[in-house]
Amino acid sequence: MPELSIIIPVLNEERFLAGNKEKLVSLLQEGHEILVVDGGSQDDSVNIARALGCRVFCTRASRGHQLSYGANHSKNDILLFLHADTHLPSHAAQVIAQALARPEQLWGRFAVRFSNPRQVFRVIAWFMNKRSCLTGIVTGDHALFIRRKLYFSCGGYMDVPLMEDVEFCRRLKKHASPVCLSEKVVTSSRRWEQNGILKTVAIMWWLRLMFFLGQSPEKLARSYR
């Protein structure tokens, strides 16, 4: 089974790193590397990541930059980009190896399930999973994985303040379609709970629409803030 380079951008994520401790340690014991790229946390994120045995890098807060930085310092053939508040299934490495077993299968994503079990979050997750397969656009919650050669030949993640995942997938789709796994990662529903479901959906779709209409990530980021 090929070893993974798991890249986790963080900013004040001590609670989720601590809560994901057992899974991260298990992946390290299997021989995978975990690169935690911190964007200037004011909490204990860096110390927790180091104590777990992760490779830790400290840089500035920009998810696109942090993802790119981690990839540039990785060593394995398969890269997995993981949010700190997202939990992988226990057999994630085997599933990824199977997904990329054929030469034409170069990248893919997991399906997503929210930590909140309410029916409304199951419906949102269903639409997110369906949309990503139909459009080939994989957002960070889905834990994108990719062969190293394709990642770097496509130019990798850009240092943009917003929409870095959408921008990257637009380039990736020109080379290959993603493998859409049915296996699920569990991601935190905190953003939806804090901001409200309807408001979060409206903001996400507005941002995507403006981006596809040519609005720059920098301008979108200013509007979003």
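Rules used throughout
- Positions within a chain are numbered from 1, following the residues in the order the chain's sequence is written.
- Residues qualify for local features only when their pLDDT is at least 70, as the model is predicted, and side-chain atom pairs are given and counted only at 80 or more; totals for whole chains, interfaces and linings, by contrast, use all residues.
- As a rule here, side-chain values cover all heavy atoms of the structure and leave hydrogens and water aside.
- The way it works is a 1 Å grid over only the protein atoms, where trapped points that fit a 1.4 Å probe form a cavity and open points with protein on both sides within 12 Å along at least five of seven lines form a pocket, and then any residue with an atom within 4 Å of a point lines it.
- Grid points are joined across faces, edges and corners, and a volume is the space filled by probe spheres set on the points.
- Secondary structure counts use DSSP, requiring at least four H or I residues in a row for a helix and at least two E residues in a row for a strand, with both numbered from the N terminus.
- In this count, Pro and Cys sit with the nonpolar residues alongside Ala, Val, Leu, Ile, Met, Phe, Trp and Tyr, while Asp, Glu, Lys and Arg are called charged and the others, Gly among them, polar.
- Cysteine sulfur atoms that come within 2.5 Å of each other are treated as a disulfide pair.
- Only protein chains enter the accessibility calculation, which uses a 1.4 Å probe; a residue is then buried when its area is under 20% of its type maximum, exposed when over 50%, and partly exposed in between.
- Convention adopted: a line fitted to C-alpha atoms gives each axis, helices being fitted over their contacting stretch, and angles between N-to-C directions are expressed from 0 to 180 degrees.
- Should an angle fall under 35 degrees it is called roughly parallel, over 145 degrees roughly antiparallel, and 65 to 115 degrees roughly perpendicular, with every other angle called oblique.
- By convention the crossing between two helices is left-handed if the near helix lies anticlockwise of the far one by an angle smaller than a right angle, and right-handed if it lies clockwise.
- Should any heavy atoms of two residues lie within 4.5 Å, those residues are counted as being in contact.
- By this rule, a helix spans an expected 1.5 Å times one less than how many residues it contains.
- The arc in question is traced by the directions running from the helix axis to the C-beta atoms.

Asks: Is there a simple way to explain the layout of surface pockets in this structure?
Replies: Which parts of space are left empty comes out when a probe the size of a water molecule is rolled across the atoms. By volume, the second largest pocket amounts to about 230 Å³. Val112, Arg113, Ala125, Asn129 and Lys184 are, among the 17 residues lining the second largest pocket, the residues nearest its centre. Listing elements by their share of the lining of the second largest pocket, those giving two or more residues are strand S6 (107-114), helix H6 (119-135) and strand S8 (179-187). At six residues, H6 tops the list of elements feeding residues into the lining of the second largest pocket. Along the lines of polarity and charge, the residues of the lining of the second largest pocket split into 10 nonpolar, three polar and four charged.

Asks: Honestly, the state of the cysteines in this entry has me stumped. Any pointers?
Replies: One way to say it: the disulfide is the covalent bond shared by the sulfur atoms of two cysteines. According to the stated counting rule, one finds one disulfide in the structure shown. With a sulfur-sulfur separation of 2.5 Å, Cys133 is cross-linked through a disulfide to Cys180. Highlighted residues: Cys133 in helix H6 and Cys180 in strand S8, separated in sequence by 47 residues. Not part of a disulfide, Cys58 finds its nearest cysteine sulfur in Cys54, a span of 13 Å. Sulfur of Cys169: no disulfide; nearest cysteine sulfur belongs to Cys154 and is 10 Å away. Look at Cys169 and you get buried, because its relative accessible area is 0%.

Asks: What is the right way to look at the packing of helix H8 (residues 164-172) against helix H10 (residues 197-212) in this model?
Replies: Axes are the key here: two packed helices are described by the angle between their axes and the distance separating the axes. Between H8 and H10, the least distance of the axes is 11 Å, while the angle of their chain directions is 45°. Taken together, the axis directions place H8 and H10 in an arrangement best described as oblique. In this structure, H8 meets H10 at a crossing whose hand is right-handed. Here H8 contributes Val166, Glu167 and Arg170 to the contact with H10, which in turn contributes Arg208, Phe211 and Phe212. For the contact of H8 with H10, the class distribution of residues is three nonpolar, no polar and three charged.

Asks: Would you mind going over H6 with me for this structure?
Replies: The α-helix winds at 3.6 residues per turn, so residues separated by three or four positions along the chain end up facing the same way. End to end, H6 covers 24 Å across 17 residues, agreeing with the expected 24 Å (1.5 Å per residue, within 8%). The complete set of buried residues in H6 reads Phe121, Ile124, Ala125, Met128, Asn129, Arg131 and Ser132. Burial along H6 is one-sided: seen end-on, the buried residues are contained in an arc of 165°. Of the exposed residues in H6, the ones pointing more than 90 degrees away from its buried face are Gln119, Arg122, Phe127 and Leu134. Taken together, the buried residues of H6 touch S6, helix H9 (190-195) and H10.

Asks: Just to check I follow, could you spell out empty space enclosed by the protein for this structure?
Replies: One pass over the structure, following the stated rule, counts one cavity of 30 Å³ or more. Here the largest cavity defines a volume of roughly 60 Å³. Lining the largest cavity, in full, are Arg63, Leu67, Phe81, Leu82, His83, Gly140, Leu144, Tyr157, Glu164 and Asp165. Counting residues per element, the ones that place at least two in the lining of the largest cavity are helix H4 (63-72) and H8.

Asks: Just to check I follow, could you spell out the environment of Cys169 for this structure?
Replies: With respect to the element layout, Cys169 can be found in helix H8. Linking Cys169 and His91, residues 78 residues apart in sequence, is a C-alpha distance of 25 Å. Those residues in contact with Cys169 that lie beyond four places of it in its chain are Trp107, Gly136, Ile137, Val138 and Leu144.

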